[in-house]
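Reading the structure
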Amino acid sequence: WEYDNSSKGGTTTVTLDRPIPISLLDTGSGSSSDDDDDLDTIHIVHACVMFVAWGVFAPAGVFVARFYKHYAHWMRVHLILMFSAVLLSLITIIALMSESDPEIDSWNSHQIIGAMVGVVMLVNVLIGLQTKRQLASVESPNY
């Protein structure tokens, strides 16, 4: 970036040495399609719900499993929190995928990492269910 504010005539010059993506340019036409607005809204909802799922429910579930095992119903609280995170994730991913056009939208790094986290999340759920089943057969926990 280069910024030049000349005192001669009060003109301002801004020079950019790299191209600006078209999606960031405001054409000034004022015409935007409803599909773009809907997709932007879904992206915002996706971000907010994923924050609640991965920033609130999942850490709270881990916290309960780590520090509250001496309470009677820790497993039930842990399962509710973790399944809430999984359900919110799946719902928002499905909603976002239903609104995107696979012919136009190519996979970017966020989507690739999100897909990998989703697979790991589902494997973790299966491991957790198997562990719960094994614990139930070995001991009589308070859940």
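Residues numbered from 1 in each chain as written. Predicted model: local features only at pLDDT ≥ 70, side-chain atom pairs only at ≥ 80, totals over all residues. Heavy atoms only, no water.

What to know about the overall build of the protein chain
The condition that has to hold: In this text, helices come from DSSP runs of H or I with a minimum length of four residues, and strands from runs of E with a minimum of two, each type numbered from the N-terminal end. Type-normalised accessible area, obtained with a 1.4 Å probe on protein chains alone, sets the label of each residue: buried when under 20%, exposed when over 50%, and partly exposed for intermediate values. In this description, contact between two residues means that some pair of their heavy atoms is separated by no more than 4.5 Å.
Within the protein chain one finds three helices and two strands. When the elements of the protein chain are put in sequence order from the N terminus, they spell out β-β-α-α-α. By residue count, 14% of the 143 residues in the protein chain fall in the buried class. Expressed as a percentage of contacts within the protein chain between residues at least 6 apart in sequence, the contacts between residues at least 24 apart total 57%.

A short note on helix 2 (residues 74-99)
Definition in use: Multiplying 1.5 Å by the residue count of a helix minus one yields the expected span of that helix.
For helix 2, spanning 26 residues, the distance from its first C-alpha to its last is 38 Å, which sits close to the expected 38 Å at 1.5 Å a residue. Listed as buried for helix 2 are Trp74, Met75, His78, Leu81, Ala85, Val86, Ser89, Thr92 and Leu96.

Looking at the layout of surface pockets
Filter applied, for reference: Points on a 1 Å grid, built from protein atoms alone, make a cavity when a 1.4 Å probe fits but cannot get out and make a pocket when they are open with protein on both sides within 12 Å along at least 5 of 7 lines; residues with an atom within 4 Å of a point are the lining residues. Grid points are joined across faces, edges and corners, and a volume is the space filled by probe spheres set on the points.
Looking at the second largest pocket, its volume works out to about 440 Å³. Lining the second largest pocket are 19 residues, with His78, Met82, Asn124, Val125 and Gly128 sitting closest to its centre. Among the secondary structure elements, those contributing two or more residues to the lining of the second largest pocket are helix 2 and helix 3 (109-138). Here the lining of the second largest pocket gets 10 residues from one element, more than from any other, and that element is helix 3.

Observations regarding the nonpolar core
The following threshold applies: Throughout this description, the term nonpolar core refers to a set of buried Ala, Val, Leu, Ile, Met, Phe, Trp, Tyr and Cys residues connected via side-chain atoms within 4.5 Å.
Counting five residues, the largest nonpolar core is built from Val64, Ala65, Trp74, Met75 and Leu81. Elements with a contribution of two residues or more to this core: helix 1 (34-67) and helix 2. Here this core takes three residues from helix 2, the largest share from any one element. Excluding residues within four positions of it along the chain, Leu81 makes contact with Phe57, Ala60, Gly61 and Val64.

Observations concerning the side chain of His46
Within the secondary structure, His46 sits in helix 1. With near-sequence residues (within four places) excluded, His46 lies in contact with Thr92, Ile93, Leu96 and His110.

Quick notes on a nonpolar patch on the surface
This is how the line gets drawn: Like-charged residues are merged into a patch within 9 Å and nonpolar side chains (Val, Leu, Ile, Met, Phe, Trp, Tyr) within 5 Å, provided each residue has over 30% relative accessible area and no salt bridge. In short, Shrake-Rupley with a 1.4 Å probe defines the accessible areas, and a residue's cover is counted only from the protein chains shown. In what follows, salt bridge is the name for a side-chain nitrogen of Lys or Arg lying within 4 Å of a carboxyl oxygen of Asp or Glu.
A surface patch of nonpolar side chains, amounting to about 630 Å² of accessible area, comprises Trp54, Trp107, Ile112, Ile113, Met116 and Val117. Per element, the largest residue contribution to the nonpolar patch is four residues, and it comes from helix 3. Residue placement: Met116 occurs in helix 3.

Some points on the packing of aromatic side chains
Note the following rule: Side-chain rings of Phe, Tyr and Trp (the six-membered ring for Trp) are treated as a pair once their centres are within 6.5 Å; stacked means planes under 30 degrees apart, edge-to-face means over 60, and tilted covers the remaining angles.
Here the structure, examined in full by the defined rule, presents three aromatic pairs. Pairing Phe63 with Phe67 gives two aromatic rings, centres 4.9 Å apart and planes at 50 degrees, and the pair type is tilted. Taken together, the residues Phe63 and Phe67, both in helix 1 and four residues apart, mark about one turn of the helix. Classification of Phe63 by relative accessible area gives partly exposed; the value is 43%. Here Phe67 falls in the partly exposed class, since its relative accessible area comes to 44%.

Structural notes on the environment of Gly61
One can find Gly61 in helix 1. Gly61 sits in the buried class, given a relative accessible area of 0%. The spacing of Gly61 and Trp74 is 13 residues in sequence and 9.4 Å in space, taken between C-alpha atoms. Every residue in contact with Gly61, bar those within four places of it in the chain, is listed here: His78, Leu81 and Met82.

Structural measurements only, silent on function.
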